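Below are the chains, spelled out letter by letter.
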Amino acid sequence: MSLRIPASALTALAVAALAAGTVLTAPAAGAPPAPTFLSASQMPPHPTSSWSAGPVTDGFPDELGLCISTEGLPAHAYRHRQFRTDLDTGAVQMTVVAGTAARAEALAKHYDDLIRTCADRIEESSPDVRAEGRDYGTVPVEEGAHVRGLHTVTTWGATDIALLSVGRDDRTVTVVKWGQMGDFHDAPVAAFEETTRAAVDKLY
């Protein structure tokens, strides 16, 4: 069953957080060093293909755009790394450093809220797509991480499964997305939880 959280409620929360100054602003002086990213070997194992990792690149990754946007947030520096197999499976990790731990906590919650409500927003904006979200719970690492799943099916038969997580270590937030053709039965949830744990744990 798809999640039923009105998009207007999410927008109101984001605006309120911005007004209160709890969402990310430019990093303060004395910011920690650049976060470390996952390696290809830390992706969920693929049964028939190895993973390759691209370079760490500045900017917000397009792969997260289905569920997460930067709209309404102050400008800040995103960095990301893409991962691929030889087949239909891909992944991406994004990191961003906030000015304070409190702002990072608010940003992590904002991203998680966007992922939590993503299925509803997809169905509202795309009548030809059915979407379902699932909550796989938290991962105990540093300041915590949350794992969710998203399955989409189009009227022309395309079916895709994605796993997404948001985690935080002090002032740094990371988002990881894994995706391929398939449904929830094809999602390597346990392995992705370990990938999420590694992503947060190795930031610093």
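What this report covers is the structure whose coordinates are included nearby.

Thresholds applied
- Residues numbered from 1 in each chain as written.
- Predicted model: local features only at pLDDT ≥ 70, side-chain atom pairs only at ≥ 80, totals over all residues.
- Heavy atoms only, no water.
- Core = buried A, V, L, I, M, F, W, Y, C linked by side-chain atoms within 4.5 Å.
- Buried < 20%, exposed > 50% of the residue type's maximum accessible area, 1.4 Å probe, protein only.
- Helix = DSSP H or I, 4+ residues; strand = E, 2+ residues; numbered from the N terminus.
- Contact = heavy atoms within 4.5 Å.
- Phe/Tyr/Trp six-rings, centres within 6.5 Å; stacked < 30°, edge-to-face > 60°.
- Lys NZ or Arg CZ within 6 Å of the ring centre and 35° of its normal.
- Salt bridge = Lys/Arg side-chain N within 4 Å of Asp/Glu carboxyl O.
- Patch = residues over 30% accessible without salt bridge, like charges linked within 9 Å, V, L, I, M, F, W, Y side chains within 5 Å.
- Areas by Shrake-Rupley, 256 points an atom, 1.4 Å probe, with all protein chains shown as cover.
- Lys, Arg positive; Asp, Glu negative; His and termini not counted.
- Charge placed at Lys NZ, Arg CZ, Asp CG, Glu CD.

### Describing the nonpolar core
- Counting residues in hydrophobic clusters, the biggest one holds 26 residues, and the most contacted among them are Tyr111, Leu150 and Val173.
- The biggest single contributor to this core is helix α2 (residues 101–116), with 6 residues.
- In this structure, Tyr111 is in contact with Ile68, Leu73, His76, Tyr78, Met94, Val96, Val166, Val173 and Val175, ignoring residues within four places of it in sequence.
- By size, the runner-up hydrophobic cluster in this structure holds 21 residues, among which are Ala40, Trp178, Ala198 and Val200.

### Thoughts on the packing of aromatic side chains
- Enumeration according to the criterion identifies 1 aromatic pair in this entry.
- An angle of 80° between the planes, with centres 5.0 Å apart, marks the rings of Phe60 and Tyr78 as edge-to-face. In this pair, Phe60 is assigned in the loop between β2 (57–58) and β3 (79–84) and Tyr78 in the loop between β2 and β3, connecting sequence segments 18 residues apart.
- The partly exposed category is assigned to Phe60, whose relative accessible area is 24%.
- Seen from the ring of Phe184, Arg134 lies directly overhead, with NZ or CZ sitting 3.8 Å from the centre.

### Describing the environment of Gly179
- With respect to the helices, strands and loops of the structure, Gly179 is situated in strand β8 (residues 172–181).
- With relative accessibility at 17%, the residue Gly179 sits in the buried group.
- Taking the C-alpha atoms as reference points, Gly179 and Glu63, 116 residues apart in sequence, are found 9.6 Å from one another.

### Examining the pattern of salt bridges
- On inspection of all chains with the given rule, the structure shows 8 salt bridges.
- One salt bridge in this structure joins Asp58 and Arg79, with 3.8 Å as the shortest N-O distance. Here the residue Asp58 occupies a position in strand β2, and Arg79 occupies one in strand β3, the gap between them amounting to 21 residues.
- Since its relative accessible area comes to 61%, Asp58 is described here as exposed.
- The partner of Arg148 in a salt bridge is Asp135, and the shortest N-O contact between them spans 3.4 Å. You can see Arg148 sitting in strand β6 (residues 145–154) and its partner Asp135 sitting in strand β5 (residues 129–139), a full 13 residues away along the chain.
- Given a relative accessible area of 8%, Arg148 falls into the buried group.

### Some words on a negative patch on the surface
- Together, Glu105, Glu142, Glu143, Asp170 and Asp201 give the surface a local cluster of negative charge.
- With respect to the secondary-structure elements, Glu142 resides in the loop between β5 and β6.
- When its relative accessible area of 45% is taken as the criterion, Glu142 is described as partly exposed.

Take it as geometry only, folks, not as evidence of what the structure does.
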